[in-house]
Amino acid sequence: MNTHESYVSLETSKLLKQAGFDWSVEQWYEVLENGQEMYAEGMTYNMNCGLYGESVYSMPTLSIAQRWLREVKNCYVGVEEFVHNLDKNNIYYTYNWVVYLDGDRHSGSDYDNTHYYEVALETSIKKALELILEKGE
């Protein structure tokens, strides 16, 4: 796996498949009969097309999932950054997830003091997918 990119979790991969994600990617998850989860990589395939079974899920990068939501589902997902200045030597950042769907804005933080952009972006993608599936889009 390319360690310079952040990939969606298995849970988010499952939501992407339910929402119709059909872009070809090089990585995918597979859930084995014994429940063990693994990932694999290789040629570029659309692993969600049904040919590979119900236990295989495409594993896009966070940026590819974000782009797919924007281009296919007309849904913007992103991250809001908050700077906390306690004093000149003690500055830290926290991030909240944000989703814009059908003219509505949804935002929040599922984690206390989320210090990682990627965690907030993964959460925004997951929240967007949950909203899309809830609406049946």
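Residues numbered from 1 in each chain as written. Predicted model: local features only at pLDDT ≥ 70, side-chain atom pairs only at ≥ 80, totals over all residues. Heavy atoms only, no water.

Participant: For the overall build of the protein chain, give the residues involved together with the corresponding values.
Facilitator: Assigned secondary structure in the protein chain consists of three helices and six strands. The buried share of the protein chain, taken over its 137 residues, is 37%. Sequence-distant contacts, at least 24 apart, represent 54% of the contacts inside the protein chain between residues at least 6 apart. Of the roughly 8,200 Å² of accessible surface on the protein chain, a fraction of 45% belongs to carbon and sulfur atoms. (Helix = DSSP H or I, 4+ residues; strand = E, 2+ residues; numbered from the N terminus. Buried < 20%, exposed > 50% of the residue type's maximum accessible area, 1.4 Å probe, protein only. Contact = heavy atoms within 4.5 Å. Areas by Shrake-Rupley, 256 points an atom, 1.4 Å probe, with all protein chains shown as cover.)

Participant: Describe helix α1 (residues 10–19), naming the residues involved and giving the relevant values.
Facilitator: In terms of residue burial, α1 counts as a mostly covered element, since seven of its 10 residues are buried. G20 sits one or two positions beyond α1 and adopts a positive phi of about 100°.

Participant: I'd love a proper account of the nonpolar core, names of residues and values included.
Facilitator: Formed by 21 residues in total, the largest nonpolar core has its most connected members in L69, C75, V99, I125 and L129. When residues of this core are traced back to their parent elements, those giving at least two are α1, α2 (62–72), β5 (90–101) and α3 (117–135). Top contributing element to this core by residue count: α3, with six residues. Sequence-distant contacts of V99, defined by excluding residues within four places in its chain, comprise C75, Y76, V77, D104, R105, H106, S124, K127, A128 and L131. Counting residues in hydrophobic clusters, the runner-up holds five residues, among them Y7, Y29, Y57 and M59. (Core = buried A, V, L, I, M, F, W, Y, C linked by side-chain atoms within 4.5 Å.)

Participant: If you had to explain α3 to someone new, which residues and values would you point to?
Facilitator: With 19 residues, α3 ought to run about 27 Å at 1.5 Å a step, and its terminal C-alpha atoms sit 27 Å apart, in line with that. Those residues of α3 not exposed but buried are A120, L121, E122, T123, S124, I125, A128, L129, L131 and I132. In the segment just after α3, G136 is the residue with positive phi, at about 75°. (Expected span 1.5 Å × (residues − 1).)

Participant: Explain the side chain of Q27 to me, using residue names and the numbers behind them.
Facilitator: Positionally, Q27 belongs in strand β1 (residues 25–31). Apart from residues no more than four positions distant in its own chain, Q27 is found in contact with Y7, A40, E41, S58 and M59.

Participant: Describe in detail the packing of α1 against α3, supporting the description with residues and values.
Facilitator: Direction vectors running N to C along α1 and α3 enclose 35°, while the axes themselves pass 10 Å from each other. Note that α1 runs across α3; the crossing there is left-handed. On α3, the residues touching E11, T12, L15, L16, Q18 and A19 of α1 are E122, I125, K126, L129, E130 and L133. The class makeup of the residues in the contact of α1 with α3 is six nonpolar, two polar and four charged. (Axes fitted to C-alpha atoms, helices over the stretch in contact; angles between N-to-C directions. Left-handed = near helix turned anticlockwise from the far one by under 90°. Nonpolar A, V, L, I, M, F, W, Y, C, P; charged D, E, K, R; others polar.)

Participant: Tell me about the environment of S9, and name the residues and values.
Facilitator: In this fold, S9 is placed in the segment before α1. On the basis of relative accessibility, which here comes to 27%, the residue S9 falls in the partly exposed class. Spatially, the C-alpha atom of S9 lies 9.3 Å from that of L62, the residues being 53 residues apart in sequence. The contact partners of S9, leaving out residues within four places of it in the chain, are Y29 and E122. Among the polar contacts made by the side chain of S9, one reaches the side chain of E122 at a distance of 2.7 Å. (Polar contact = N/O pair within 3.5 Å; in protein donor to acceptor, adjacent residues only side chain to side chain.)

Participant: Report on the pattern of salt bridges, specifying residues and quantitative values.
Facilitator: If charged atoms from side chains of opposite charge come close, those side chains can pair. One pass over the structure, following the stated rule, counts four salt bridges. Of the charged contacts, one joins E71 and R67 as a salt bridge, the two residues approaching to 2.8 Å between their closest N and O atoms. Linking E71 with R67, this pair stays in helix α2, spanning four residues, or about one helical turn. Its relative accessible area of 43% is what places R67 among the partly exposed residues. D102 is the partner of K135 in a salt bridge, and the nearest nitrogen-oxygen pair spans 2.9 Å. Of this pair, K135 sits in helix α3 while D102 sits in the loop between β5 and β6 (104–108); the two residues are 33 residues apart in sequence, bridging distant segments of the chain. The partly exposed category is assigned to D102, whose relative accessible area is 47%. (Salt bridge = Lys/Arg side-chain N within 4 Å of Asp/Glu carboxyl O.)

Read these as geometric descriptors, not functional statements.
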